[in-house]
Amino acid sequence: MTKVSHFVLVHGIGGGSWCWYKVRCQLENSGYKVTCIDLKGAGIDQSDAKNIHTFDEYNKPLIAFMSSLPDHEKVILVGHSAGGLSLTDATHKFGKKISFAVYLGATMLKTGVCNEQDIKDGVPNLSEFGDPYDYGYGYGPDKPPTSALLKKEFHRDLIYQLSPPEALVSARFNEGPDVDEVPRVYIKMTQDLVLKLEQQEAMVDRWPPAEVYVLESDHSPYFSAPSQLVDLLVQAASSVAV
């Protein structure tokens, strides 16, 4: 009996497991097992973002899930946008439990955000739009922000510009022993106005994945191109050697 592949879908900043409902349904209808993670303070997780002061706290739900997997079980991790940081954290800690990791227009930095080049390549630069974020200051107003949420008036133009109408904490990683043993796939999103195409390509050049796919999509392909995204995920599951 063929073992069913298990996709674990991880959202980005401002998202939640709810983002994946179209993708989840299509994958499950194709016979795959799917788990959608709500990171700390996101989706149905009731934690107050003001009380989440570290990336480890924010990513705890994914790490807890990975810890709960039996040693012999492997999953396919899919991370969108800043969810790529969550994926990389998991690959450092649970490389032997990951068949491969898919970075969906996501931040793909091997050791996290450690220097100016990492910021240039992997952190959205929206300065051309003025001040698009609402910041949270968990350590107090005189300290650096511990959370960031895109203001609602920018959602349509930046995140969902091709999608139907209905539809920042610091992360630095200690290198795990199996991180380079985990095959990676990058899906570039050509119309992304948040993590721009040139940034995506810079990260691909710095840490080359096993496969690179291209998706004609805005920042939210789970809304603007869900069927095409599912096709690429299924293709990756069939083609990446594990």
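Structure shown above.
My aim in this report is to walk through the structure given alongside it, one point at a time. Quick caveat: nothing in here was measured; it's all calculated off a predicted structure. (Residues numbered from 1 in each chain as written. Predicted model: local features only at pLDDT ≥ 70, side-chain atom pairs only at ≥ 80, totals over all residues. Heavy atoms only, no water.)

Of all hydrophobic cores here, the largest spans 35 residues; its most connected members are Val8, Leu62, Met66, Leu77, Tyr103 and Tyr186. If near-sequence neighbours (up to four positions away) are discounted, methionine 66 is found in contact with Val75, Leu77, Ala90, Phe94, Lys97 and Ile98. Core analysis: the next-biggest nonpolar cluster, separate from the first, contains 28 residues, Leu9, Ile76, Val102 and Val185 among them. (Core = buried A, V, L, I, M, F, W, Y, C linked by side-chain atoms within 4.5 Å. Buried < 20%, exposed > 50% of the residue type's maximum accessible area, 1.4 Å probe, protein only. Contact = heavy atoms within 4.5 Å.)

Summed over the entire model, instances satisfying the criterion amount to 9 salt bridges. Ionic pairing is found between arginine 24 and glutamate 28, a salt bridge with its closest N-O pair at 3.1 Å. Separated by 4 residues within a single helix, arginine 24 and glutamate 28 lie in helix α1 (residues 21–29), roughly one turn from each other. In this structure, lysine 188 engages glutamate 201 in a salt bridge whose closest nitrogen and oxygen atoms are separated by 3.5 Å. With lysine 188 in strand β7 (residues 184–189) and glutamate 201 in helix α7 (residues 197–206), this residue pair connects regions lying 13 residues apart in the sequence. On the basis of relative accessible area, glutamate 201 is assigned to the partly exposed category, the value being 32%. Taken together, the salt bridges that share partners define one network made up of Asp56, Asp89 and Lys93. (Salt bridge = Lys/Arg side-chain N within 4 Å of Asp/Glu carboxyl O. Helix = DSSP H or I, 4+ residues; strand = E, 2+ residues; numbered from the N terminus.)

One pass over the full model with this rule turns up 8 aromatic pairs. Taking 5.3 Å as the distance between ring centres and 75° as the angle between the ring planes, the aromatic pair formed by phenylalanine 7 and tyrosine 32 counts as edge-to-face. A residue pair is termed long-range when its members are at least 10 positions apart, and phenylalanine 7 in strand β1 (residues 6–10) and tyrosine 32 in the loop between α1 and β2 (33–37) qualify at 25 residues. Judged by relative accessible area, which is 0%, phenylalanine 7 ranks as buried. (Phe/Tyr/Trp six-rings, centres within 6.5 Å; stacked < 30°, edge-to-face > 60°.)

The geometry of α1 relative to helix α9 (residues 226–239) is characterised by a closest axis approach of 9 Å and an angle of 50° between their N-to-C directions. As the angle between them shows, α1 and α9 are arranged oblique. For the pair α1 and α9, the sense of crossing is right-handed. For the pair formed by α1 and α9, the contact residues are Lys22, Val23, Gln26 and Leu27 on the first element and Pro226, Ser227, Leu229, Val230, Leu233 and Val234 on the second. Within the contact of α1 with α9, the residues separate by chemical class into 7 nonpolar, 2 polar and 1 charged. (Axes fitted to C-alpha atoms, helices over the stretch in contact; angles between N-to-C directions. Parallel < 35°, antiparallel > 145°, perpendicular 65-115°, else oblique. Left-handed = near helix turned anticlockwise from the far one by under 90°. Nonpolar A, V, L, I, M, F, W, Y, C, P; charged D, E, K, R; others polar.)

The next thing to look at is helix α4 (residues 83–94). Over its 12 residues, α4 extends 16 Å from the first C-alpha to the last, a length consistent with the 16 Å expected when each residue adds 1.5 Å. Buried residues dominate α4, accounting for 11 of its 12 residues. Listed as buried for α4 are Gly83, Gly84, Leu85, Ser86, Leu87, Thr88, Asp89, Ala90, Thr91, His92 and Phe94. For α4, the secondary structure elements touched by its buried residues are β1, α2 (55–58), α3 (60–68), β3 (75–80) and β4 (98–104). (Expected span 1.5 Å × (residues − 1).)

Attention now moves to the packing of α3 against α4. Their axes nearest at 10 Å, the elements α3 and α4 cross at an angle of 35°. Read as a crossing pair, α3 and α4 show a hand that is right-handed. Together, Leu62, Ile63, Met66 and Ser67 of α3 and Ser86, Leu87, Asp89, Ala90, Lys93 and Phe94 of α4 make up the contact between the two elements. Among the residues forming the contact of α3 with α4, the class breakdown is 6 nonpolar, 2 polar and 2 charged.

Across the 7 residues that make up β4, a large majority, 7, are buried. As judged from the 6 bridges shared by β3 and β4, these two strands associate in the parallel manner. Across the sheet, the residue bridging to histidine 80 is leucine 104, located in β4. You can see the chain leave β3, run along α4 and come back into β4, and the turn it takes is right-handed. Pairing geometry for β4 and β7, over 4 bridges, is parallel. Counterpart to valine 102 in the pairing with β7 is valine 185. (Pairing = 2+ DSSP bridges. Right-handed = clockwise from strand over helix to strand, strands pointing away.)

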